[in-house]
Amino acid sequence: ADQAMYEVKNSGRNGWYFYTKEMQLRSEHRHRLYNDLVAAIRDDQLSVHLQPILTTNSQKVIGCEALARWQRADGSWLSPAEFVPFAEETGLINQIDYLVMEKAADALREINCHRELPISLSINVSPRLFHTKDQSLERWMELTRKISKELPVTVEITERLLIEQTQKITETLNELANMGIGISIDDFGTGYSSLSYLTRFPVTGLKIDRSFVDGIGTNSSSEPVIETILAMASKLNIHVVAEGVETQAQLDYLRQLECDYVQGYFFAKPMPVDEFTALLQRNHGRH
């Protein structure tokens, strides 16, 4: 009965469900996943992979996005599509974001000490961070402040965060901007996009969602959206990254529209730090 009640709550309330064995199995799976993820964080099983961000014209690597990866104790990799939303739902995402930023910053310090032009770091932050009752936000801000003195940093936020427009969110974003940290809206155009975000908050960048990039040449509505975002960003002096680039045709289209930066499997998948370092050496040799 308890399982069926939670199923009703999860589906929006005011309904009914009969208990099924699948509900129990799903509940047990989530319980195991939670315990395993808590242990993975505690035992340092999570690693960071870096995905290059390149200039559209010359395909020169100028930055990277840091992403969490989880190899379980048995050697298998769990998809981020499974554990990241779960971590978001359970509140563990704040610890994961902190660990990813810490590990990525350590890697880029080492990489940049051998470079004339530093590689910038883009990090994701969950909206949950801004609603914690503990010291997670203060701890994260302290680490961000420290890293920003050593590396160029951009914080990627979602439109979902901006919708709330609380004083705490506004103050935190302004504080980040005052530290010289870039603020980019991730997956722009897929949520409740409001142009007022771009003037009310200290936004310095936008990421065009992969769903629009995927529609280049195949979806008649994707290209006008991309063109509008790029034209608007240019007027507001906001740089744009197109993510999810997978073909030469997509790259050619984005180059023609003078999109600033690109990211996607056409260039490289997210990769371990040593592979990213090797990629930089090859990339540097071409420019």
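Residues numbered from 1 in each chain as written. Predicted model: local features only at pLDDT ≥ 70, side-chain atom pairs only at ≥ 80, totals over all residues. Heavy atoms only, no water.

Visitor: So what about the packing of aromatic side chains? Which residues, and what values?
Guide: In the structure shown here, the tally under the stated rule is two aromatic pairs. Plain terms: the ring middles of Trp 70 and Phe 83 are 5.6 Å apart, the flat faces sit at 90° to each other, and that makes the pair edge-to-face. You can see Trp 70 sitting in strand β2 (residues 61-71) and its partner Phe 83 sitting in helix α3 (residues 80-90), a full 13 residues away along the chain. You can call Phe 83 buried: its relative accessible area is 0%. With centroids separated by 5.2 Å and ring planes inclined at 80°, the aromatic side chains of Phe 266 and Phe 267 adopt a geometry described as edge-to-face. Its guanidinium or amino end placed over the ring of Trp 70, Arg 72 lies 5.1 Å from that ring's centre, counting from NZ or CZ. The ring of Tyr 98 carries Arg 139 above its face, with NZ or CZ at 3.7 Å from the centroid. (Phe/Tyr/Trp six-rings, centres within 6.5 Å; stacked < 30°, edge-to-face > 60°. Helix = DSSP H or I, 4+ residues; strand = E, 2+ residues; numbered from the N terminus. Buried < 20%, exposed > 50% of the residue type's maximum accessible area, 1.4 Å probe, protein only. Lys NZ or Arg CZ within 6 Å of the ring centre and 35° of its normal.)

Visitor: Explain the nonpolar core to me, and be specific about the residues and the numbers.
Guide: Formed by 80 residues in total, the largest nonpolar core has its most connected members in Leu 121, Trp 140, Leu 206, Leu 254 and Phe 276. Beyond its immediate stretch of four places on either side in the chain, Leu 254 contacts Thr 56, Ile 216, Ile 226, Ala 242, Val 245, Cys 259 and Val 262. (Core = buried A, V, L, I, M, F, W, Y, C linked by side-chain atoms within 4.5 Å. Contact = heavy atoms within 4.5 Å.)

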